[in-house]
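Tertiary structure, described
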Amino acid sequence: MELVKVHMTVNGEPVELDVKPYARLLDVLREDLALTGTKEGCGVGECGACTVLVDGENVNSCLVLASSMEGKSIVTVEGISSDESLHPIQQAFLDHHALQCGFCTPGLVMSVKALLDKDPAPSREAIKTAISGNLCRCTGYQQVIEAAEDAARAMRGEE
Amino acid sequence: MSLYGSKKFEVINKSVPRIDGEDKVTGRAIYAADIVIPRMLYSGVLRSGRAHARVVKIDTSKAKAIRGVHAVVTADDMPKPDAWSGYAYLTNHIRHAGDCVAMVAAESRELVDDALDAIEVEYEDLPVMSSVEQAFAEGAPKIHDENDQADNRYMPSCFKLRKGNVEDGFAEADVVLEREYSTQHQEHGYIEPEAAVAVQNPADGQMTVYASAQNPFFTRRYVADIIQAPMNEVRIFQQNIGGSFGGKEESIGLVAARAAYLCKVTKRPVKMVFTREELMMESVKRHPYTLKCKIGIKKDGTITALQNDIYVDAGAYNNQAQYVNWKACAHSSGAYSIPNVKTDITGVYTNNIMGGAFRGFGNPQVLFALEQLIEEAAEAIGMEPLDVRRRNCVEDGKTNGVGQVLEHVILKEIIDYSAEKTDYVKKHEAYKHQTGIKRKGIGMVSMMRGCGTGCETPDASGAMITVMEDGSILINSGLAENGQGLKTAYAQIAAEALSVPYESIRFFGTDTHSIPDSGMTVASRGTTMGAQSMRKAGLELREILLENAAEIMGVEKDAVDLKNGIFFLKADPSVTRTMKDICGISIWSGHQMGHYSWYKPPKDLYSDHATGQGKVWPQYAYGVIIAEVEVDTETGYVDVKKLTCSHDLGTVINPALAVGQICGGALQGMGYGTTEDIKYDKKGVMKTINFDKYIIPTAMDIPEFDVNLFECDTDQGTFGAKSIGEPSLDGIAAAIANAVYNATGKRVRHNPCSMEQVLLGKELD
Amino acid sequence: MLRYDYVRPASVEEACAFLLKTPGRSCPIAGCTDFLVQVREKSARWKDLQYVVDLSALPELSGIRVEDGIVHVGAMTTHSAAEHSPVLAEHAPLLAAACASVGSPQIRNRGTIGGAVANASPASDPMPVLIALEANALVQGPNGQRTIPMSDMIVKPGKTALAPDEIILGFSFPSVAHMRTVFLKLGRRKALSISRMNVSLVVHQDAEGVIDHVALAPGCVFAAPDRARKAEALLLGRRPDAALIDDAAKAVADEMIERTGVRWSTEYKQPVITALVRRALENGTEVAE
C-alpha cells in the first residue's frame with residue numbers, strides 16, 4: 001500500500017501527514033495525532049461518538065477516509081477550548097449535568113457546535129435533530145438539550 | 001415528608017457540579033482504549049459464528065507464520081481456558097455464537113485481522129437450542145457436560161417464594177385470571193466498547209491492567225485466574241468508564257484476562273478493544289423471562305393470591321441467573337401486600353447469548369407481567385386499576401412479598417400525587433373510547449425495590465480519606481464510578497461528613513492496589529449503602545482532625561468545632577484556623593491525617609431459602625411511572641409522548657445527578673419497551689450486532705420527562721439515601737404496555753411494543 | 001482487514017480511464033458512508049478491491065440547478081445539501097424531504113445522492129423519490145456519456161445498471177413545482193432510521209380535479225424500488241375520492257404480493273403499505289366531497 005500525503009488543518013494548525021490509504025480519519029486523529037477526545041463507539045456511523053467538524057460540518061470520522069481530507073479543516077473537541085477556559089458549550093454541559101459517563105460527550109459537544117455555528121437561536125426541535133446522530137445511553141438527552149439551549153443563549157451574549 | 005426540598009444539609013442535597021465534568025467535556029478524560037504504551041501489541045479473538053458446535057481441528061500454523069504476529073493461542077495451548085466464573089476465555093465446545101476459539105497478538109490491528117483470517121478451524125455442528133422450550137427438555141443435548149441436570153436447568157438459579165397459601169387465596173377470590181407474559185433480551189448499549197491494556201512489570205512480575213471495568217476487583221479475579229498469579233500481583237486500574245449499567249462485569253473480565261494472558265506470553269504490553277459487533281456477541285444481556293401468572297381478586301378489589309411460574313433463558317453460561325432470579329423472586333409480588341404468594345423461578349441454559357447483570361436485575365421483567373396482570377384483574381372486576389393499586393399497595397405496618405413488615409412507606413402519596421398531576425383517571429377513562437387512527441393511551445406502574453444487595457451479600461464497604469498538608473483532600477473507595485456520578489456523590493458525602501468544602505476533595509479512579517475490595521458497584525448500592533463507609537470515615541476523621549486542631553490550638557477537643565473547612569472555637573467563633581493551617585502543622589507533628597474505615601451492615605437481615613421469607617432489605621425505594629403514548633393503529637408505531645417518573649429517594653444526594661439517572665434510566669426503559677430486541681437467524685446466530693439493527697432511542701425519540709423527587713424520613717442508607725439507578729428503569733416498559741392497551745384495547749404480553757407486536761400481536765422474525 | 005490504495009483523479013475522464021484499467025478492482029467513492037460500512041463488514045462485493053477512486057472533490061459532479069424547467073442534481077450532492085437546497089424546496093420538495101430523513105446530520109453531511117444510488121440499497125430513501133420524479137441518471141464511461149432512466153437503475157438489491165467503468169455524473173428530472181408531492185417514511189425510530197417502508201408520490205390534478213399525472217413509488221415493497229403501475233393506472237384520469245384512494249392503496253399491496261410473493265414480512269407489510277399509500281394520497285390530492 002502506498003501512503004498518501006495529506007495536508008490539512010487540524011484545530012487551526014496546519015498538518016502534513018503520510019497516511020495509510022485505507023485509514024479512517026478517526027484512526028489518524030486518535031493514533032497519529034493523539035487526539036483521543038474523539039471516540040469510537042460503533043464504527044458504522046450510528047453512535048456519533050467520533051463526531052468531528054470537517055469544514056464546519058459535523059461528520060462521523062469513522063466513515064471518512066483520512067486520505068480524502070486534502071485541504072480540509074478539521075476541528076476536534078480538543079480544538080474548541082483553551083487550557084484556561086472552556087467553550088461556552090462545554091461550560092453549559094458542565095452546568096447542566098449534561099454528561100454522565102462522558103464517552104459520547106465530545107461528539108455531542110461537536111454536534112451542538114456545528115448547529116450553533118449555523119443557527120445561533122435554534123428551536124428545541126432543531127437541537128434534537130442536530131444531536132440525533134449522537135447516541136447517549138446515560139442521560140436521556142434531557143440535560144443535553146437544556147445545555148445546548150443555554151449555550152446558545154451564552155453565545156448570543158445573553159445572560 | 002414529600003417532595004424534595006425540605007431537608008437541611010451543608011453539601012449534599014445540592015446540585016454541585018460533577019467532579020469529573022471538566023475532564024469529560026474537554027475530551028481530556030482518558031478511557032482504556034485511549035491508552036498507548038511503548039511496544040504495545042494489538043490483539044483480537046476468533047469467534048466461531050456458530051451457536052453450538054465442537055472444534056474438530058484447529059490449525060494456527062499459517063497465522064503464526066505471519067511476520068509481526070507474536071502469539072496465536074487456542075484453548076489447547078492454555079493451562080486454564082475456562083474462567084473461574086464458568087465462562088470460557090477460549091473453548092473447543094462452542095455454546096453460543098460469540099464463543100471464542102483462538103486469540104492473537106500482533107504488531108498492528110491489520111496483522112491481528114490477518115492472523116485471525118489465517119486460522120483454519122473445522123467444526124462439528126451440534127443441535128442448537130435457541131429457546132427455553134428446546135433446552136428445557138429431558139434428554140436435550142447438554143450445553144454443559146458437567147451439569148448434573150438432564151434438562152439443562154441451572155439449579156442454583158432456581159428459587160421459591162412461599163407466603164401464605166395460594167390455594168386458599170384463589171378459593172377466596174371472586175375472579176381468578178391466568179396469563180402468560182414474556183420479555184426479550186436487552187443490550188446495555190453503553191457507547192464505550194470494552195477495552196483493556198495489560199502491561200507486566202518485567203522485574204517483579206506485577207500485571208497491571210488498565211480497563212473499562214465496572215468492578216475492578218471483580219475484573220482482578222479474571223486476570224489472576226487466567227495467568228494463575230496470586231491476586232496481590234494483579235493490579236486493575238479502572239479508567240473512565242463509558243457506561244456500564246451492569247454490563248461491564250463479565251465481558252470486561254474476559255477482555256482484561258485475555259489481554260493479560262497475551263501480555264504474559266508475548267512479554268509485551270497488549271491492548272484488547274472490543275468492536276461494537278463483538279460486544280453485542282459476547283457481552284451479557286438482560287435475561288428473557290417467560291412468566292406464567294395467576295391472580296385471584298375479590299369484587300371489592302382485594303387481591304387474595306398471586307402465583308408466578310417463571311422460566312428464564314440463562315443463555316450459554318452461568319451468568320448471574322442465580323442472583324437475578326433471586327432478586328426477581330423476592331420482588332415478584334411488586335409493591336403489593338398480597339396475603340398469599342407463590343413464585344417458582346427456573347433458569348435454563350440455552351445456546352443464546354448469556355443473560356447477566358443489567359440495571360433492573362429481574363425487576364423490569366417481573367413488573368412487565370405483574371403490572372399488566374393487575375390491570376387485567378382490575379378490568380375483570382370492572383374497577384379502575386388505580387383503585388386496585390391503592391387498595392393493595394404496601395403501607396406502613398403491612399408486609400411485602402418476602403413477608404417483611406414495612407415502615408416509612410410513601411407509595412400511596414406518590415401514587416396520588418402522580419395520578420393527580422397527570423390527570424390519570426380522567427384520561428384513562430376517556431382514552432378507552434377513541435376511534436381514530438392515532439390513539440392516545442396512559443398507563444401506570446407502581447413499584448418498590450429493595451435498596452442495595454440486601455441479604456444476598458452483606459452490603460459492606462471500605463473507604464479512605466486522606467488530608468494533605470495544604471488542606472486538600474483525597475478520597476478513595478472500593479466502589480467505582482460507572483458514569484452515574486459516584487465520585488461526585490461520594491465527594492459530597494465525604495464533605496458533608498467532614499464539614500469541609502466539596503471543592504477541596506478529589507477522587508481519582510479505583511486502583512485495586514490502593515484499597516480493599518468492597519464488593520461490586522451494583523444493585524443501586526453505591527450511594528445508599530456503599531457510601532456508608534465514606535460517611536463513617538468522614539465522621540471519624542472529623543473527630544481526629546478536631547483533636548489535632550485542639551492540640552495545636554491549645555484547647556480541649558470539645559472547645560473546637562469545624563465548619564466548611566474552618567476550625568473555630570465554640571466559645572469565640574472569631575478565633576479560627578484554616579484546614580491548611582492545621583494540616584500544615586499536623587504533617588510535621590505526627591498527627592494522623594488519613595483514615596480508613598469499614599462499614600458493616602446490621603446483621604438482622606435474613607431470607608429463608610425454602611420460602612424466600614425474611615427481612616431481606618434494610619429499606620425499599622418506592623416509585624410510580626406514568627407513561628403517555630400515541631399509537632398509530634395502522635402501523636403499530638408507539639410514540640411515547642410523556643413519562644412521569646416519581647421516585648422516593650429517601651434523601652436526594654445531588655438533584656441534578658438524580659434527574660440525570662432518572663431520565664437516562666427511563667429512556668433505556670423506553671427502548672426496552674418499544675424497539676430494543678436481540679434477533680437471531682435460523683441457525684441461532686445473533687443478527688442485531690450493531691446500532692443500525694439494535695435500535696436504541698435517539699434525541700428525537702425522547703418523550704417529555706416529568707421527574708418528581710420524593711424524600712422520606714428514614715434512618716437507613718447513607719444520610720437517609722435510597723436507590724435510584726435501577727428504579728429509574730424498572731417500571732417503564734410495563735407502563736408503556738399498559739398505555740398501549742389503554743390506547744388500543746389490545747394487550748401486548750410479549751415485550752417490546754414493537755410495530756409488529758402492536759399491530760399483529762406477534763413478532764415476525 | 002481490507003486494504004486498498006487511494007486514487008484522487010483530477011477529472012471524470014481520468015476517473016473513468018482508471019476504472020477501465022482496473023476492472024473489478026476499483027471502487028469509485030464519494031462520502032463513504034455506505035462504503036466504509038461494507039468494508040468493515042468485509043462485504044463479498046469488495047473481495048477483489050485494490051483501489052478506491054475518490055470522486056468527492058470533482059467540481060463537475062456537484063451543484064443543484066434548474067434550467068428550462070429541468071432540475072439537475074450533481075451526483076456528489078450530499079443529503080444535507082439537498083435537504084437545504086432552495087432549488088429543491090421549490091422544484092422537488094419530496095427529494096429534499098427524503099434526503100432529510102436519511103440517517104443523521106453526520107451521515108447527511110457526507111453521504112451523497114450519487115453514492116446512495118450507486119450502492120443500490122433496497123432501503124434507500126432518495127431512490128424511490130428519483131423514480132417518482134421520472135429522473136434520469138447521466139452517466140459517463142470511457143466511451144462517453146449515456147442516460148439511464150432511474151426506473152431501470154437498480155437491477156437487483158446491491159446491483160445497478162452501471163458498467164464497472166461508469167460514473168454517475170448527476171440526475172435530472174422535470175420540475176414538479178406545479179404538482180403536489182409527498183414523501184412518507186416509516187421507521188422504527190425518528191432518526192438514524194432505515195425505512196421499514198416509504199412512499200413517494202408526485203401527482204397533478206387538472207382544473208376539474210382529475211388526476212392527469214401520477215407517479216407513485218413505494219420503497220422497501222418491491223425487490224427493487226419501482227413505481228406501482230397498477231395503482232397509478234387506477235388513479236390516472238379519475239377524480240380522487242375516498243373509495244378510489246382505498247382501491248389504489250390496496251392495489252399497491254396487491255402488486256407487492258403479486259411481484260414478491262408472500263414472505264415472512266407480508267403479514268405486516270400488506271396492511272401497512274396500504275395505510276401509508278392511502279395517507280400519501282390523502283395528503284397529496286384534493287379529494288372530491
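Relevant structure appears above.
All figures in this text were calculated on a predicted structure; none of them were measured in a lab.

This part takes up the overall build of chain C. Helices and strands together make up the secondary structure of chain C, namely 11 helices and 13 strands. Taken over the C-alpha trace, chain C has a radius of gyration of 19 Å; the compact-globule value for 289 residues is 19 Å, and the two agree within 12%. Counting only C-alpha atoms and orienting by the principal axes, one finds that chain C spans roughly 60 × 45 × 35 Å. Here chain C, with 289 residues, has 58% of them falling under the buried criterion. Partitioning the contacts of chain C with sequence separation of at least 6, the portion at a separation of at least 24 is 64%. As displayed, chain C offers around 11,300 Å² of accessible surface, 52% of which is attributable to carbon and sulfur atoms. Measuring between centres, the 31 positive side-chain charges of chain C sit 10 Å from its 32 negative side-chain charges.

All names here are of chain B. Burial along strand 7 (residues 159–163) is one-sided: Phe159, Leu161 and Lys163 are buried, while Lys160 and Arg162, pointing the other way, are not. Alignment of strand 7 against strand 15 (residues 341–349), held across five bridges, turns out to be antiparallel. Within strand 15, the residue paired with arginine 162 across the bridge is lysine 342.

All names here are of chain B. Close contact between helix 18 (residues 655–674) and helix 20 (residues 732–744) brings their axes to 7 Å; oriented N to C, the two are set at 50 degrees. Judged by the inter-axis angle, helix 18 sits oblique to helix 20. The two elements helix 18 and helix 20 cross, and the hand of that crossing is right-handed. On helix 20, the residues that touch Ala666, Gly669, Met670, Tyr672, Gly673 and Thr674 of helix 18 are Ile732, Ala733 and Ile736. Classifying every residue of the contact of helix 18 with helix 20 gives six nonpolar, three polar and no charged.

Quick look at the sheet that holds strand 20 (residues 560–563) of chain B now. Residue and element names in this part refer to chain B. If you walk across this open sheet you meet the three strands as 20-21-22, and the pairing is antiparallel. Every other strand in the sheet has two partners, leaving strand 20 and strand 22 (576–578) as the edge strands with one partner each. The average undirected angle you get between the axes of adjacent strands in this sheet is 25 degrees. The sheet strands contacting helix 17 (residues 579–586) are strand 20, strand 21 (566–569) and strand 22, and the helix crosses strand 22 at an angle near 70 degrees.

Here the focus is the interface of chain B and chain A. Opposite the 58 residues of chain B that make contact, chain A presents 47 residues. Considering only the side of chain B, the residues that lose the most area to chain A are Val25(B), Ile191(B) and Ala699(B), jointly responsible for 18% of the buried surface there. Inspection of the chain B/chain A interface yields six salt bridges. Across the pair Lys20(A) and Glu110(B) runs a salt bridge, and its minimum N-O distance is 3.0 Å. Those elements that place two or more of their residues in the side of chain B that touches chain A are helix 1 (21–25), helix 3 (109–118), helix 8 (276–282) and helix 18 of chain B. In terms of residues, the side of chain B that touches chain A owes the most to one element, helix 18 of chain B, which gives nine residues.

With 33 residues of chain A at the interface, the matching set in chain C holds 26 residues. Roughly 2,400 Å² is buried in total at the junction of chain A and chain C, and carbon and sulfur atoms are behind 58% of that figure. Sorting the residues of chain A by area buried against chain C places Tyr22(A), Leu63(A) and Leu65(A) first, and these three jointly supply 25% of that buried surface. Between the two partners, chain A and chain C, sit two salt bridges. With its nearest N and O atoms 3.2 Å apart, the salt bridge here joins Arg189(C) to Glu46(A). Those elements that place two or more of their residues in the side of chain A that touches chain C are strand 4 (57–60) and helix 4 (124–130) of chain A.

Cut-offs and rules
Residues numbered from 1 in each chain as written. Chains lettered and ligands numbered in written order. Predicted model: local features only at pLDDT ≥ 70, side-chain atom pairs only at ≥ 80, totals over all residues. Heavy atoms only, no water. Helix = DSSP H or I, 4+ residues; strand = E, 2+ residues; numbered from the N terminus. Rg over C-alpha atoms; globule rule 2.2 N^0.38 Å. Buried < 20%, exposed > 50% of the residue type's maximum accessible area, 1.4 Å probe, protein only. Contact = heavy atoms within 4.5 Å. Areas by Shrake-Rupley, 256 points an atom, 1.4 Å probe, with all protein chains shown as cover. Lys, Arg positive; Asp, Glu negative; His and termini not counted. Charge placed at Lys NZ, Arg CZ, Asp CG, Glu CD. Pairing = 2+ DSSP bridges. Axes fitted to C-alpha atoms, helices over the stretch in contact; angles between N-to-C directions. Parallel < 35°, antiparallel > 145°, perpendicular 65-115°, else oblique. Left-handed = near helix turned anticlockwise from the far one by under 90°. Nonpolar A, V, L, I, M, F, W, Y, C, P; charged D, E, K, R; others polar. Buried area = accessible area lost by both parts, 1.4 Å probe. Salt bridge = Lys/Arg side-chain N within 4 Å of Asp/Glu carboxyl O.

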